[in-house]
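The residues making up each chain are set out below.
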Amino acid sequence: MIEAKGIRKSFASLEVLKGIDFSCAKGEIVAIMGASGAGKSTLLQILGTLSTPDSGSLSIDGTDVLSLRGGELSAFRGRKIGFVFQFHHLLPEFTALENVMMPALIAGQAEKAARKRAGELLDELGLAERAEHKPSQLSGGEQQRVAIARALINDPAVIFADEPTGNLDSVTKKEIQQLFLDLRASHGQSIVIVTHDPELASACDRCLNMKDGLFV
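This one's a predicted model, so the numbers in the text were calculated from it and none came from an experiment. All residue numbers refer to positions counted from 1 along the written sequence of the respective chain. Two thresholds apply to this predicted model, a pLDDT of at least 70 for residue-level local features and 80 or more for giving and counting side-chain atom pairs, whereas whole-chain, interface and lining totals are computed over all residues. Only heavy atoms go into the side-chain values, all of them from the structure, while hydrogens and water stay out.

J.: Which parts of the structure should I look at to understand the sheet that holds strand 6 (residues 81-85)?
T.: Adjacent strands of a sheet form backbone hydrogen bonds with each other and so pair up, either parallel or antiparallel. Read across the open sheet, the 6 strands follow the order 6-7-8-3-9-10; overall the sheet is mixed. Whereas interior strands pair on both sides, the edge strands pair on one side only; in this sheet they are strand 6 and strand 10 (214-215). Bridge analysis of strand 7 (residues 158-162) against strand 8 (residues 190-194) gives 5 bridges, and the strand direction is parallel. For D162, the partnering residue across the bridge sits in strand 8 and is V194. In this description, contact between two residues means that some pair of their heavy atoms is separated by no more than 4.5 Å. Only the stretch in contact is used when fitting a helix axis, every axis being a line fitted to C-alpha atoms; angles between N-to-C directions are given from 0 to 180 degrees. Secondary structure elements follow DSSP: runs of H or I no shorter than four residues count as helices, runs of E no shorter than two count as strands, and numbering proceeds from the N terminus. Its contacts with the sheet put helix 1 (residues 40-47) on strand 3 (29-34), strand 6, strand 7, strand 8, strand 9 (206-211) and strand 10, and the angle it makes with strand 7 is roughly 155°. Contacting strand 6 and strand 7, helix 2 (residues 70-80) runs over the sheet at an angle of about 75° to strand 6. DSSP-based pairing: two strands are paired if at least 2 bridges between them are found.

J.: Can you help me understand unusual backbone geometry in this one?
T.: Note: most residues except glycine have negative phi, and most peptide bonds are trans. Positive phi is not limited to glycine here, since D61 has a value of about 50°. Secondary-structure assignment places D61 in the loop between strand 4 (55-60) and strand 5 (63-64). Burial classification: accessible surface area is computed with a 1.4 Å probe over protein chains only, and a residue below 20% of its type maximum counts as buried, one above 50% as exposed, and the rest as partly exposed. On the basis of relative accessibility, which here comes to 34%, the residue D61 falls in the partly exposed class. Of note in this structure, D155 is not a glycine but carries a positive phi near 50°.

J.: I'm lost on the pattern of salt bridges in this one. Help?
T.: By definition, a salt bridge exists where a carboxyl oxygen of Asp or Glu is found within 4 Å of a side-chain nitrogen of Lys or Arg. Within the structure shown, the criterion is met by 9 salt bridges. A salt bridge links E28 to R206; the shortest N-O distance between them is 2.8 Å. Taken as a pair, E28 in the loop between strand 2 (14-24) and strand 3 and R206 in strand 9 lie far apart in primary sequence, 178 residues in all. Overall, R206 belongs to the partly exposed group, its relative accessible area being 29%. In this structure, the salt-bridge partner of R145 is E175, at a minimum N-O distance of 3.9 Å. A residue pair is termed long-range when its members are at least 10 positions apart, and R145 in helix 5 (residues 140-152) and E175 in helix 6 (residues 170-187) qualify at 30 residues. Judged by its relative accessible area of 18%, R145 is buried. Several salt bridges share partner residues, and in doing so they unite K116, R117 and E120 into one network.

In short, the description is geometric, and any link to function would need to be established separately.
In structure tokens, the structure reads:
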């Protein structure tokens, strides 16, 4: 599903990624761990097509994504990739349902169909009764579930998660951890998770450790 080879990235004179090779099979959950500054988030941004490497190759679901430009790349990202971040990035003025709908509307889906699918996902994630609440009215765990539903709305091939349990209490962390496993079983996505949480990492199929811009 994901095949990256020789990924290098520098910021000014600082080389952050030093020739990373990475692969992830269809339906596989891979954790990436390492100290702050190891290059984890930079790699995730490149794998997620949010950033471009200085050199290397990257294919996702058979597409050479580094050859895509502008609208082509945005459309591919919208169809194939879902993102979950530590700080949720929910739009505060919109309800949970509207937040989940947003990527589908951006992709050109009819509002009625997007609303129906968003409702189904919130129901699946145990948030049917919170659909009309705004983010400020939701707990941290509920906000993260909304963010996960939003990542799933376009049925992507891959989900990238950056510290998805980073701001949650221990009970909620376990719930979100189990949720990723359940989603893989029901939706079949490949999931790549950057985390400092060893418990979450141990629940994944594989865990890769980064140090100084390389896997060790």
